[in-house]
Amino acid sequence: MPPRETAVPGLPMPSGRAAVPGLPMPPRGTAAAGSPMPPEEAAVSGLPMPSGQVAVPGPPMPPEEAAVEGLPMPPRETAAAGSPTPPREVAVPGLPMPSGQAAVAGSPMPSGEAAVAGPPVPHRDAAAAEPPETVRRLRGRLAELLGLAFDGSKDAWLAGVLRQRAAQHALSERGYLDRLATAWGTELAALAEAVTVSETYFFRNIEQFNALAETVLPARLRARAAQRRLSMLSLGCATGEEAYTLAMVAADRVPESRWELLIVGVDVNRGALRNAMAGRYSSWSLRETPEAARQRWFHPAGDGVEVDPRLRSRIRFVEHNLVHDHPALFAPDTYDVVLCRNVLMYLTPDAAKALLGRITRALAPGGYLFLGHTDSLGGRPDGLRVHQSHRTFFYERVPQTGAGARQAMTRAAPARRHREAALTLLREERFGEALQAVAAVTGAEADRPDVWLIRAAALAHLGETGRAAELCRRLLERDTLFADAHHLLAECHEGDDDHAAAAEHHRIAALLDPAFAMPRLRLGLLARRRGDRAAAGRELDRAMDLLRHETDERIALFGGGIGRAALVALCRAELAAVS
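Sequence positions are assigned chain by chain, starting from 1 and proceeding in written order. Only residues with pLDDT of at least 70 are given local features in this predicted model, and only at 80 or more are side-chain atom pairs given and counted; all residues enter the totals for whole chains, interfaces and linings. Excluding hydrogens and water, the side-chain figures rest on all heavy atoms present in the structure.

Caption draft 1: Summary view of the packing of aromatic side chains. Pairing of aromatic side chains requires ring centres within 6.5 Å, counting the rings of Phe and Tyr and the six-membered ring of Trp. Pairs whose planes differ by under 30 degrees are stacked, by over 60 edge-to-face, and all others tilted. Applying the stated criterion across every chain, the model contains 11 aromatic pairs. A network of ring pairs unites the aromatic residues Phe-202, Tyr-244, Tyr-281, Phe-298 and Phe-317 as a single cluster. Over a ring means this: the NZ of a Lys or the CZ of an Arg is within 6 Å of the ring centre and within 35 degrees of the ring normal. Over the ring of Phe-330 we find Arg-358, and its NZ or CZ is 5.9 Å from the ring centre.

If you want it as C-alpha cells, here you go:
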C-alpha cells in the first residue's frame, strides 16, 4: 500500500496528482504494472576568424538564501556600500565549503567574465503587465543573434537600450529592429556592448584556480609530456582578468623554456577586449590576488597597475559570438583546460546546448572544463565526468578511442529509444508502462545514472517511494553531486511526510544546480505549508523564473504529468496567495 501523500497545495506528489488552481486537470494515467561581421571584426591578436563572430558573456545568479551541508556554496554577492559580505556557510560533515566572494559595492555583479546587464529581478506581481511589442521583438533578436535570454524583469531596461540604439541611427524603434534583422554587423557589435557589462577581478573564485594548479595542470603535464604543449581557453573573458589569471597560474607550473603554452580569451564585447589587450587595471581588480603574484606580474601605471609584458605575450584575445561555431577556435581535441564560467545559464537553452557540445568537442581527451558556481550542465553531461576537490567541482572529458566510441554509440542506440519512450510515458502519466520501457534497457546501458533516475521516478509516481528512495541513495553513493537524485529523494521524503528531510535534499539540489527549477518550487510550497510567507514568495518567484528554461526531461521526470505552462501558472497562483 503506498504511503500517505503530503497535502502540499497544487503540485503532484509521487503517488498522485493535485489540481493546478485555475487550470483543467488532465486525466490520471494508469498505474498498471508493467548575422555576418565586417572585416574589422576578424580575429584579434592573430587567430583566424570567420565573419559573423562575437562572444557571449553571462551574469551570475542572485545569492542563495542558505547554505546546505557540505556542498560548494555559490559566491554570495552584495551591492551594499562598504566591505563585501561573505556568504553564510553551514559547516556540516562530509563536503568542503568554498570561500565566499562579493561584488563591488554599487556595481553590476561580475560574472567572472562578463555579465548580462540590467536591473535585479524584482518580486513580480501575479498579474505583471505585458511588455511592449518592440521590447518583445528586441528580446527575440538578442536570443537569435547573440543567444542571450532575458526575462521579463529586464523589459524596462531593454526598452531604454532600444530607444538609445534607435536614436543613435535616427531610426524609429520598429525601423531599428527591422534593420537589425539584416546583415548589420557593426550595429550588432555595438548592441552587444550595450547589453553586456564587464566587471570582474583577478583570481575570482580562487578555489577553482587552486584545483587548476594542484590537480588539473599536473595531470595535463603528464598527458602532454610527448608534445610539450598546453592550450587553455577562457570563454566570456570580458576585460581579461580570467585569462591573465590562467597565465599566472600556468607560469608557476609549466616549464617556460621547454613547453609551448597557448591561452585564448574570447568575448563579444569589443570595448572589453580593448581593455584586455591594453592590460591596465585599477588596484580594485587585484583585491583577491596573492601578494606574490602582485609583486611578480604587476607594475604601477598611473593610478592603477599594468600587467607584465611577459604575461601579455602569452595570450590571444578574440572577438567571437558564442552562438556561432568557429572551426579553428573549437577545433576537435584542442584544449587542455576550458573556463566557461557563469555563461551557460544566461544563454537560451538551444544556444547553451550547442555551446556545450562545441566545448566538449574542443576539449582534448582527459581535458578539463570549469564552470561558474551559477552554471549547470543539468543532468549527467554526455562525454564528461565530474570531479570534486579544493572546495569546488569541475568536469573531465572522458577519453575514448574512435572504435570504442562507435561501438558505444551502436550499443546505446536501442537504449536511447527505450529511454525516450519512458520519458514520453512519464509525461503522459503512464507510469507503469514507463517502468516497463526502462526495464527493457539492458547491459552496460542499464547501469547509467540517467536510466536509474527514470526508473526511480516511475516508482515514486506509482507510490513505491521506498524503492525509489533506495535507488536515489545508491545513485548518491556513486555521485554525491547528482542534483536530480537529491531532488527525487526529497520528493520521496515528502511522500512519507518527512518534510525536514525533504527540505534538506531540495536545498542541496538547488545549490548544486542553481538553474534547477523543481526544488525551488517544492521549497516554496513547503514554506507556504509551514506559514513562512517570505520564504515561500522568494522560492516561488525564483522557481517561476527558472521554469521557463527548465529542461523538458526534468519536466517529464518531476512534473507528474503537469507541463511547463501549468507549473508556471501554479507558481503565479501560489505567489498571489502569499503576497
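On we go from here.
Caption draft 2: Just the nonpolar core, in detail. To define a nonpolar core, start from buried Ala, Val, Leu, Ile, Met, Phe, Trp, Tyr and Cys residues and group those joined through side-chain atoms within 4.5 Å. Each residue is placed in one exposure class: buried if its accessible area under a 1.4 Å probe, protein chains only, is under 20% of its type's maximum, exposed if it is over 50%, and partly exposed if it falls in between. In this structure, Leu-233, Leu-235, Phe-330, Cys-340, Leu-355, Ile-359 and Leu-369 are the most contacted members of the largest nonpolar core, which totals 111 residues. Runs of H or I in DSSP of at least four residues are treated as helices and runs of E of at least two as strands, each being numbered from the N terminus. At 9 residues, helix α13 (residues 449-461) tops the list of elements feeding residues into this core. What makes two residues a contact is simply this: any of their non-hydrogen atoms within 4.5 Å. Apart from residues lying up to four places away in sequence, Leu-369 is in contact with Val-338, Cys-340, Leu-356, Ile-359, Leu-363, Leu-384, Phe-394 and Tyr-395. Counting 41 residues, the second largest nonpolar core, distinct from the first, contains Ala-211, Ala-243, Leu-246 and Trp-259.

Caption draft 3: Quick look at the sheet that holds strand β5 (residues 280-281). DSSP bridges decide pairing: two strands pair if at least two such bridges lie between them. Read across the open sheet, the 3 strands follow the order β5-β7-β6; overall the sheet is antiparallel. If you trace the sheet from one side to the other, it starts and ends with β5 and β6 (298-301), each paired once. By the bridge criterion, 2 bridges tie β5 to strand β7 (residues 304-307) in an arrangement that is antiparallel. Within β7, the position partnered with Arg-280 by the bridge is Glu-306.

Caption draft 4: The packing of helix α16 (residues 499-512) against helix α17 (residues 517-529), seen in detail. Here α16 crosses α17 at 145°, and the two axes come no closer than 9 Å. Helix-helix and strand crossings are classified by hand; for α16 and α17 the assignment is left-handed. Residues His-499, Ala-502, Ala-503, His-506, Arg-507, Ala-509 and Ala-510 of α16 touch α17, and the partners they reach there are Pro-519, Arg-520, Arg-522, Leu-523, Leu-526 and Arg-529. For this scheme, ten residues count as nonpolar: Ala, Val, Leu, Ile, Met, Phe, Trp, Tyr, Cys and Pro. Four count as charged, namely Asp, Glu, Lys and Arg, and the remainder, Gly too, count as polar. Of the residues assigned to the contact of α16 with α17, the class counts are 7 nonpolar, 2 polar and 4 charged. Fitted lines through C-alpha atoms give the axes, limited to the stretch in contact for helices. The angle between two N-to-C directions lies from 0 to 180 degrees. Each crossing is labelled by how the near helix is turned from the far one, with a counterclockwise turn of less than a right angle marking it left-handed and a clockwise turn marking it right-handed.

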